[in-house]
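Chain by chain, the residues:
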Amino acid sequence: MTTPAQTESTQAPTTVILTDVAAQKVKALIEQEGRDDLRLRVAVQPGGCSGLRYQLFFDERSLDGDVVTDFDGVGVVVDRMSAPYLGGATIDFADRIDAQGFTIDNPNAGNSCACGDSFS
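The structure displayed is predicted, hence computed values, not measured ones.

**Digging into the sheet that holds strand E8 (residues 100-105)**
The strands making up a sheet associate through backbone hydrogen bonding, with each pair oriented either parallel or antiparallel.
At step 1: Read across the sheet, three strands follow the order E2-E7-E8 without closing on themselves; strand pairing throughout is mixed. The open sheet terminates on both sides in strands that have one partner only, identified here as strand E2 (17-18) and E8.
At step 2: The pairing of E2 with strand E7 (residues 90-95) spans two bridges and is classified as parallel. What sits directly across from leucine 18, in E7, is isoleucine 91.
At step 3: Seen against the sheet, helix H1 (residues 20-33) touches E2, E7 and E8 and runs at an angle of roughly 75 degrees to E7.

**Quick notes on the confidence of the model for the protein**
At step 1: Confidence in the prediction for the protein averages 82 pLDDT; 78% of positions are at 70 or higher.
At step 2: Here strand E1 (residues 5-8) stands out as the least confident element of the protein, with mean pLDDT 46; H1 is the most confident, with 95.
At step 3: Low pLDDT, under 50, characterises residues 6-13; the predicted model gives this stretch 17 contacts beyond four residues in sequence or across chains.

Analysis parameters
- Residues numbered from 1 in each chain as written.
- Predicted model: local features only at pLDDT ≥ 70, side-chain atom pairs only at ≥ 80, totals over all residues.
- Heavy atoms only, no water.
- Pairing = 2+ DSSP bridges.
- Helix = DSSP H or I, 4+ residues; strand = E, 2+ residues; numbered from the N terminus.
- Contact = heavy atoms within 4.5 Å.
- Axes fitted to C-alpha atoms, helices over the stretch in contact; angles between N-to-C directions.
- pLDDT = per-residue confidence, 0-100.

If you want it as structure tokens, here you go:
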């Protein structure tokens, strides 16, 4: 796994972990966008059948309190409200016949739903 380098933080180090495979996929997707100012933002929002759901999207913004971690040139941003829910979570990318897409293994999730899109 790529070792994170904390570049900005306004609170105790609370980071997600991006695997090498996921970092390569994020790099490829950003290159497809043709922009070099995008970072992967990971957030937690109310919703889903378990109470909270993950959001992953590209973002060029910097918000007050963001925790930014660099993984081999890929910036991963977590806002200050989501950071407590995501500390230590691992983001991976699966490209198999039975699964494709980004996955999040979150040690902070007490329960998750059957579809895997939300947690409590």
